[in-house]
Amino acid sequence: MNLTAPEQILNFIDGQFVQPQTGRFMDNINPATGAVYSQTPDSGAEDVELAVTAARNAFESWRLTSPETRFKLLNRIADL
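Owing to the predicted nature of the structure, the values given are computational and were not obtained by experimental measurement.

The helix and strand inventory of the protein stands at two helices and five strands. Along the protein, from the amino end to the carboxyl end, the secondary structure elements read β-β-β-β-β-α-α. Relative to the globule expectation of 12 Å for 80 residues, the C-alpha radius of gyration of the protein, 16 Å, shows a markedly less compact shape. The buried share of the protein, taken over its 80 residues, is 14%. Taking all contacts inside the protein whose residues are at least 6 apart in sequence as the whole, residues at least 24 apart take part in 39%. If you sum the accessible surface of the protein, you get close to 6,400 Å²; carbon and sulfur atoms cover 56% of it. Of the charged side chains in the protein, 6 are positive and 10 negative; the average position of the first set lies 9 Å away from that of the second.

What follows covers helix α1 (residues 45–63). An ideal rise of 1.5 Å per residue puts 27 Å on 19 residues; α1 measures up with 26 Å between its terminal C-alpha atoms. If you look at α1, its biggest bend is around 40 degrees, right at Asn57.

Let us now look at a nonpolar patch on the surface. Together, Phe12, Phe17, Trp62, Leu73, Leu74, Ile77 and Leu80 give the surface a local cluster of nonpolar side chains, amounting to about 650 Å² of exposed area. Per element, the largest residue contribution to the nonpolar patch is three residues, and it comes from helix α2 (residues 67–79). Inspection of the secondary structure assignment puts Leu80 in the segment after α2. Accessibility expressed as a relative area gives 60% for Leu80, which makes it exposed.

Looking at chain direction, strand β1 (residues 7–8) and strand β5 (residues 36–41) are connected through two bridges and run parallel. Bridging from a neighbouring strand, Glu7 pairs with Ser38 of β5. Hairpin connection, strand β4 (residues 25–29) to β5: the antiparallel pair is bridged by six residues, and Gly34 has positive phi, about 80 degrees.

Conventions used here
- Residues numbered from 1 in each chain as written.
- Predicted model: local features only at pLDDT ≥ 70, side-chain atom pairs only at ≥ 80, totals over all residues.
- Heavy atoms only, no water.
- Helix = DSSP H or I, 4+ residues; strand = E, 2+ residues; numbered from the N terminus.
- Rg over C-alpha atoms; globule rule 2.2 N^0.38 Å.
- Buried < 20%, exposed > 50% of the residue type's maximum accessible area, 1.4 Å probe, protein only.
- Contact = heavy atoms within 4.5 Å.
- Areas by Shrake-Rupley, 256 points an atom, 1.4 Å probe, with all protein chains shown as cover.
- Lys, Arg positive; Asp, Glu negative; His and termini not counted.
- Charge placed at Lys NZ, Arg CZ, Asp CG, Glu CD.
- Expected span 1.5 Å × (residues − 1).
- Bend = angle between axes of the 7 residues up to and from the residue.
- Patch = residues over 30% accessible without salt bridge, like charges linked within 9 Å, V, L, I, M, F, W, Y side chains within 5 Å.
- Salt bridge = Lys/Arg side-chain N within 4 Å of Asp/Glu carboxyl O.
- Pairing = 2+ DSSP bridges.

Put into structure tokens, the structure is as follows:
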């Protein structure tokens, strides 16, 4: 029996990993075993609004960033 809590995946907003504004998470369930292997944010409209605002604020500098640098940054986020 696994008594450790499943890993919680967080939202990535404005360069930070953050809890969902709702404070709620949904279970990710392995369909082959029925076991919960992680939890994802049960994000709502407030989280979306924070993400949209952050994206708008970052747009100017992001659009001036070279494609190679963008590629490296996005891959780094994916690795995390």
